[in-house]
Amino acid sequence: MTGIVDAHHHVWDLSVRDQDWITGAELDPIRRDFTLDDLAPEARAAGVTATVLVQTVTVAEETPEFLALAGRSDLVAGVVGWTDLTAPGVADELDRLRALPGGEHLVGIRHQVQGEADPEWLLRPDVRRGLAAVARQDLVYDLVVLPHQLPACVQAARNHPELTLVLDHLGKPPIASGALEPWRTDVRALAALPNTYCKLSGLVTEADWERWTVDDLRPYADTVLAAFGPERVLFGSDWPVCTLAASYEQVLDSARALAGGADEDVFAGTARRVYLSRVGGRNSRT
């Protein structure tokens, strides 16, 4: 393996804009700035040679900032940004983003579907139009959802077979409670569709933050590795959110233990095929 790809992390600067999702005393430890300069030493020490920077808020200004950051960085290779999928001009907006400084690093789009009250938000006609535009641009669509929204993810993947969809954080299963169903059945249904992938990410913060063990995470990781296969699973640290429950090193070590030797795909190969092959735009893929 030539180097680890961390396919999911964030950065934010509270002096630029608030992260309005960081509320309550339990999230106080991450109510501060987290920059690429903070991440880089930890990531490089762990053997990470490339990362994918993922949006945090539904603010149009964030994605151009992230693209510019990627353009200046020798660590951030790809950006999963945000744009309003429901806007009639979404296709033009994607073209605009790609023309910006660092725009060649745009590899995907994400929306906080987990915050939508409608469990079938992904199936709305205006959203379907937006997803089709993402597919035409040969961009990935990241799914950040809660377990009850997984059936809509399955239908969205069926509706858009030309679109590559990546499930973030295993769909946030209830690890702290130990429950597997109906999450397990629904995630297997998603994995049955060939245009879907899953990130081995976000597990520690769905577990008991103080007392989690690798064995607590294993039934969930085993489910996705068996359902998707290592060639459709990719590692993401979810830094700095992961620091609520674990260090960067602990997250990576636990993922290695869970991957069961499938290092080449989970820690590099899948992310390179899914995300990094898209760096440079639609004509960069082979």
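Before any of the text, the structure's been laid out above.
Residues numbered from 1 in each chain as written. Predicted model: local features only at pLDDT ≥ 70, side-chain atom pairs only at ≥ 80, totals over all residues. Heavy atoms only, no water.

### Comments concerning the nonpolar core
The tendency in soluble globular proteins is for nonpolar side chains to be buried side by side.
Alright, step 1. Judged by nonpolar contacts, the single largest core of 84 residues is most densely connected at Leu 85, Leu 122 and Tyr 141.
Alright, step 2. Sequence-distant contacts of Tyr 141, defined by excluding residues within four places in its chain, comprise Leu 85, Ile 109, Arg 110, His 111, Val 113, Trp 121, Leu 122, Leu 131, Leu 163, Thr 164, Leu 165 and Val 166. (Core = buried A, V, L, I, M, F, W, Y, C linked by side-chain atoms within 4.5 Å. Buried < 20%, exposed > 50% of the residue type's maximum accessible area, 1.4 Å probe, protein only. Contact = heavy atoms within 4.5 Å.)

### Focus: the packing of aromatic side chains
Alright, step 1. Per the counting criterion, the structure on display carries 5 aromatic pairs.
Alright, step 2. An aromatic cluster of three or more residues is present, and its members are Trp 12, Trp 21, Phe 34 and Trp 239. (Phe/Tyr/Trp six-rings, centres within 6.5 Å; stacked < 30°, edge-to-face > 60°.)

### So, helix α4 (residues 125-136)
Residues separated by three or four positions in an α-helix point in the same direction, a consequence of the helix having 3.6 residues per turn.
Alright, step 1. In this model α4 runs 17 Å from its N-terminal to its C-terminal C-alpha over 12 residues, within 8% of the 16 Å that 1.5 Å per residue would give.
Alright, step 2. Here α4 has its buried residues at Val 127, Gly 130, Leu 131, Ala 132, Ala 133, Val 134 and Ala 135.
Alright, step 3. Residues of α4 that are buried in the fold lie against α3 (90-99), β4 (106-111) and β5 (140-143).
Alright, step 4. One or two residues past the end of α4 sits Asp 138, with phi positive at roughly 60 degrees. (Helix = DSSP H or I, 4+ residues; strand = E, 2+ residues; numbered from the N terminus. Expected span 1.5 Å × (residues − 1).)

### Description of helix α9 (residues 263-274)
Alright, step 1. Its 12 residues place the ends of α9 16 Å apart at the C-alpha level, agreeing with the 16 Å of an ideal helix rising 1.5 Å per residue.
Alright, step 2. Taken together, the buried positions of α9 are Val 266, Phe 267, Ala 268, Gly 269, Thr 270, Ala 271 and Val 274.

### Some words on the pattern of salt bridges
Should the charged atoms of two oppositely charged side chains come close, the side chains can pair.
Alright, step 1. Here the structure, examined in full by the defined rule, presents 13 salt bridges.
Alright, step 2. As a salt-bridge pair, Arg 278 and Asp 138 come within 3.3 Å of each other at their nearest N and O atoms. On the criterion of sequence distance, the pair formed by Arg 278 in the segment after α9 and Asp 138 in the loop between α4 and β5 is long-range, its members being 140 residues apart. This pair shows no difference in class: Arg 278 is buried, exactly as Asp 138 is.
Alright, step 3. Each of Arg 110, Asp 142, Asp 168 and Lys 199 takes part in a single network of salt bridges with overlapping partners. (Salt bridge = Lys/Arg side-chain N within 4 Å of Asp/Glu carboxyl O.)

### What to know about the side chain of Asn 195
Alright, step 1. Along the polypeptide, Asn 195 turns up in the loop between α6 (183-191) and β7 (196-200).
Alright, step 2. A polar contact of 2.9 Å, which involves the side chain of Asn 195, links it to the backbone oxygen of Leu 163.
Alright, step 3. Among all residues touching Asn 195, those that are not within four sequence positions of it are Ala 157, His 160, Pro 161, Leu 163, Thr 164 and Leu 165. (Polar contact = N/O pair within 3.5 Å; in protein donor to acceptor, adjacent residues only side chain to side chain.)

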